[in-house]
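What the coordinates show
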Amino acid sequence: MPETPAFLAERLKAEGEKTVAHFGSLSAVQWGTEIYTEGTTWTVRNVFAHLVTSERAFVKLFAQIQQGGPGSAEDFSIDRYNASQQRRTQNMSPAELLEGFRAVRTEMAGWVAGLDPLDLERVGRHPYLGKTTLAEMIKMIYRHDQIHFRDVRKAFDAA
């Protein structure tokens, strides 16, 4: 199937529902499970907060690129950004994070659905992918969820 705004929006919705279902089913103890231990330790809660805050930033970044902007700055530091967002969300409960994820995913999917197909070819700088099209950046949203979802499952399988 060709990648249209409608197709990408539906994919975002479907992957978002899977993500909410999985994380929403976790116990309080599981939210505290360590997932990443290199550098700063990230628990399931930290990983999920990261999904919420990165997508909030991407809604703004993608809209800027759609309007002809360049995307993220050349000197943008993903690590610095993630650390600042972890501090900002440190007091949010899992329920608040889940609600935040639902809201931002609804916003992202709605924005994508409203794109003109030609917008998908606009090029800008993504903080991780570098210079690429909006279509590739949008696909990275649900791939990003899948990567972290996989890492969480691996941690639970190893326990």
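Preceding this paragraph is the structure being described.
Attention here is on the structure that accompanies the text. Keep in mind that this is a model prediction, so the values were computed, not measured. Counting restarts for each chain, with residues numbered from 1 along the sequence as it is written. Since the coordinates come from a predicted model, pLDDT governs what is reported: local features require at least 70, and pairs of side-chain atoms require 80 or more to be given and counted, while whole-chain, interface and lining totals use all residues. Side-chain metrics rest on all non-hydrogen atoms present in the structure, leaving aside hydrogens and water.

**Points about the environment of Leu-115**
- In this description a helix means any DSSP run of H or I spanning at least four residues, a strand means any run of E spanning at least two, and both kinds are numbered starting from the N terminus. Within the secondary structure, Leu-115 is located in the loop between helix H5 (94-113) and strand E3 (123-126).
- Taking the C-alpha atoms as reference points, Leu-115 and Thr-19, 96 residues apart in sequence, are found 24 Å from one another.
- Residues count as neighbours in contact if any of their non-hydrogen atoms are within 4.5 Å of one another. Non-local contacts of Leu-115, meaning those with residues more than four positions away in its chain, are made with Pro-5, Gln-66, Leu-120 and Ile-138.

**Describing the packing of aromatic side chains**
- Put simply, two rings from Phe, Tyr or Trp (the six-membered ring, in Trp's case) pair if the centres are within 6.5 Å, and we call them stacked under 30 degrees between planes, edge-to-face over 60, tilted for the rest. By the definition in use, this model includes 9 aromatic pairs.
- Aromatic pair Phe-58 and Phe-62: ring centres 5.4 Å apart, planes at 20°, arrangement stacked. With Phe-58 and Phe-62 both in helix H3 (residues 44-66), this residue pair falls 4 residues apart, about one helical turn. As far as the burial class goes, Phe-58 and Phe-62 line up, both buried.
- An aromatic cluster is defined as three or more aromatic residues linked by ring pairs; in this entry it consists of Phe-23, Trp-31, Phe-48, Phe-101 and Phe-149. Buried, partly exposed and exposed residues are distinguished by accessible area as a fraction of the type maximum, computed with a 1.4 Å probe on protein chains only: under 20%, between the cut-offs, and over 50%, respectively.

**Describing a nonpolar patch on the surface**
- There is a patch of nonpolar side chains on the surface, built from Phe-76, Ile-78, Tyr-128 and Leu-129 and spanning about 370 Å² of accessible area.
- Inspection of the secondary structure puts Ile-78 in helix H4 (residues 78-89). Residues enter a patch when their relative accessible area is above 30% and they make no salt bridge; the linking distance is 9 Å between like charges and 5 Å between nonpolar side chains (Val, Leu, Ile, Met, Phe, Trp, Tyr). For the accessible areas, the method is Shrake-Rupley and the probe is 1.4 Å, while residue cover comes only from the protein chains on display. Here, a salt bridge means any Lys or Arg side-chain nitrogen found within 4 Å of an Asp or Glu carboxyl oxygen.

**Some points on the packing of H3 against helix H6 (residues 134-158)**
- Two numbers describe how H3 lies on H6: the axes approach to 11 Å, and their chain directions differ by 175°. What the angle tells us is that H3 and H6 run roughly antiparallel. For the pair H3 and H6, contact is made by Val-44, Val-47, His-50, Leu-51, Ser-54, Glu-55, Phe-58, Phe-62, Ile-65 and Gln-66 and by Leu-134, Met-137, Ile-138, Ile-141, His-144, Asp-145, His-148, Val-152 and Phe-156, respectively.
- Note on residue categories: nonpolar means Ala, Val, Leu, Ile, Met, Phe, Trp, Tyr, Cys or Pro, charged means Asp, Glu, Lys or Arg, and polar means any other residue, Gly included. Of the residues in the contact of H3 with H6, the class split is 12 nonpolar, 5 polar and 2 charged. Orientation is described by axes fitted as lines to C-alpha atoms, over the contacting stretch for helices, and by angles from 0 to 180 degrees between their N-to-C directions. Orientation labels follow simple angle bins: below 35 degrees gives roughly parallel, above 145 gives roughly antiparallel, 65 to 115 gives roughly perpendicular, and whatever is left gives oblique.

**Structural notes on the layout of surface pockets**
- For the largest pocket, the calculated volume is near 890 Å³.
- Contributing to the lining of the largest pocket are 28 residues, with Trp-42, His-50, Ile-78, Asn-82 and His-144 lying nearest its centre.
- Elements represented by at least two residues in the lining of the largest pocket include exactly H3, H4 and H6.
- It is H3 that provides the largest number of residues to the lining of the largest pocket, a total of 7 residues.
- Classifying every residue of the lining of the largest pocket by side-chain character gives 14 nonpolar, 11 polar and 3 charged. Only protein atoms enter the 1 Å grid, on which a cavity is a set of points fitting a 1.4 Å probe that cannot get out and a pocket is an open set with protein on both sides within 12 Å along at least 5 of 7 lines, lining residues being those with an atom within 4 Å of a point. Grid points are joined across faces, edges and corners, and a volume is the space filled by probe spheres set on the points.

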